[in-house]
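# Structural description and commentary
Next come the chains, spelled out residue by residue.
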Amino acid sequence: MTTPLITLDHIHQAYSGRTVLNIESLAIESGSIIGLAGPNGSGKSTLLRLLAFLDSPNQGTLSFMGSPTSTKPGAVHRQVTLLVQEPYLLKRTVHANIAYGLKVRGKSDISTKVHNALIEVGLAPDLFMARQWYELSGGEAQRVALAARLVLKPKVLLMDEPTASLDTQSAERIRKAALQARANNGTSLVIASHDLKWLEEVSDKTIHLADGYITAIK
Ligand SMILES: Nc1ncnc2c1ncn2[C@@H]1O[C@H](COP(=O)(O)OP(=O)(O)OP(=O)(O)O)[C@@H](O)[C@H]1O
């Protein structure tokens, strides 16, 4: 049996003594697309922050590729990226935003990669490449932020409400981009969403959370 990409063992998160996440055991397989569903405050974002290494577990063990995340160097952290609900863009053009991570990593063919990443998220490169960050709608800005992450081909892409400000057609584009990232780069995805229909269409499995507990995996 292969080692799961991520395992959670007796994870307990609390804020000011109040339990917000309590997961006895969970394994996320490499190359899977996992949905996170649940009402407001059920712990979806808390779980994503743990998976993104932004928070450490108060109790329990979170393991990445077989060893506890507490022992992982920065290089491992960089394989995991989180797209938050209201992503931050650099106060520069769309091109500069998507090119940034590629430049930091010393990649070549940057313009071609930026062009392809825009197509992947359904934004016409000719129209959007040179736009400034303030010339974008909320949904467009979110897709630029997604393109900036997809272009880096992360091992794990975590997304918090990626379709919240998108119309049906754009949400469908995001679904295709997620599937394409897995097919082309082996990216594993964990996606939190209130749009259960969309979530079930994109995910292999959907984890249902309520008050910090897993109530169902379907
Ligand atoms: N920094 C914090 N300090 C105190 N409580 C927090 C903090 N962050 C989250 N919480 C609480 O933890 C619980 C879980 O929040 P979380 O953001 O994980 O829920 P969620 O399922 O993502 O909700 P939503 O669907 O509204 O985004 C909530 O009760 C929230 O109030």
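Anyway, here's the lowdown on the structure attached to this text. These numbers come from a predicted model, not from an experiment. (Residues numbered from 1 in each chain as written. Predicted model: local features only at pLDDT ≥ 70, side-chain atom pairs only at ≥ 80, totals over all residues. Heavy atoms only, no water.)

### Quick look at a positive patch on the surface
- Together, R78, R105, K107 and K153 give the surface a local cluster of positive charge.
- If you trace the backbone, R105 turns up in the loop between α3 (94-104) and α4 (110-120). (Patch = residues over 30% accessible without salt bridge, like charges linked within 9 Å, V, L, I, M, F, W, Y side chains within 5 Å. Areas by Shrake-Rupley, 256 points an atom, 1.4 Å probe, with all protein chains shown as cover. Salt bridge = Lys/Arg side-chain N within 4 Å of Asp/Glu carboxyl O. Lys, Arg positive; Asp, Glu negative; His and termini not counted. Charge placed at Lys NZ, Arg CZ, Asp CG, Glu CD. Helix = DSSP H or I, 4+ residues; strand = E, 2+ residues; numbered from the N terminus.)

### Section: the pattern of salt bridges
- Across all of its chains, the model carries six salt bridges by this definition.
- The shortest N-O distance in the salt bridge between E140 and R131 comes to 3.9 Å.
- Among the residues examined, R131 registers a relative accessible area of 24% and is labelled partly exposed.
- Salt bridges here are not isolated pairs; linked through shared partners, they connect E172, R175 and K176. (Buried < 20%, exposed > 50% of the residue type's maximum accessible area, 1.4 Å probe, protein only.)

### A short note on the sheet that holds strand β1 (residues 6-15)
- Strand order in the open sheet formed by four strands is β2-β1-β4-β5, and the pairing between neighbours is antiparallel. Two strands close off the open sheet at either side, each with one partner strand: β2 (18-28) and β5 (67-68).
- Across the face of the sheet, helix α1 (residues 44-51) comes into contact with β1, β2 and β4 (59-64) while running at roughly 125 degrees to β1. (Pairing = 2+ DSSP bridges. Contact = heavy atoms within 4.5 Å. Axes fitted to C-alpha atoms, helices over the stretch in contact; angles between N-to-C directions.)

### Topic: the sheet that holds strand β3 (residues 33-37)
- One open sheet holds the six strands; their spatial order is β6-β7-β8-β3-β9-β10, and the pairing between them is mixed. The outermost strands of the open sheet, each flanked by one partner alone, are β6 (80-83) and β10 (213-217). Between one strand axis and the next, the sheet turns by 20 degrees as a mean value, whatever way the strands run.
- Summarising the sheet, strand β7 (residues 156-160) and strand β8 (residues 188-192) pair through five bridges and their orientation is parallel. In the strand pairing of β8, M159 is matched with I191.
- Contacting β3, β7 and β8, helix α7 (residues 168-185) crosses the sheet at an angle of about 145 degrees to β3.

### Focus on the site of the ligand
- Neighbouring residues of the ligand: Y15, R18, V20, P39, N40, G41, S42, G43, K44, S45, T46 and H194.
- N40 places a side-chain nitrogen or oxygen 2.8 Å from an oxygen atom of the ligand.
- H194 is positioned such that a nitrogen or oxygen atom in its side chain is 2.8 Å from an oxygen atom of the ligand.
- When the ligand is considered free in solution it has 640 Å² of accessible area, and contact with the protein chains removes 62% of it.
- Sorting the residues of the shell around the ligand by element identifies β2 and α1 as the ones contributing at least two each.
- Here the residues of the shell around the ligand are counted per class, giving three nonpolar, seven polar and two charged. (Near = heavy atom within 4 Å. Polar contact = N/O pair within 3.5 Å; in protein donor to acceptor, adjacent residues only side chain to side chain. Nonpolar A, V, L, I, M, F, W, Y, C, P; charged D, E, K, R; others polar.)

### Some details on the packing of aromatic side chains
- For the coordinates displayed, the defined rule picks out two aromatic pairs.
- Aromatic pair F53 and F64: ring centres 5.8 Å apart, planes at 85 degrees, arrangement edge-to-face. Note that F53 is positioned in the loop between α1 and β4 and F64 in strand β4, a separation of eleven residues in sequence. We note that F53, like F64, is buried.
- Here W133 and Y134 contribute two aromatic rings whose centre-to-centre distance is 4.8 Å and whose plane-to-plane angle is 85 degrees, an arrangement assigned as edge-to-face.
- On the accessibility criterion, W133 (28% relative accessible area) is partly exposed. (Phe/Tyr/Trp six-rings, centres within 6.5 Å; stacked < 30°, edge-to-face > 60°.)

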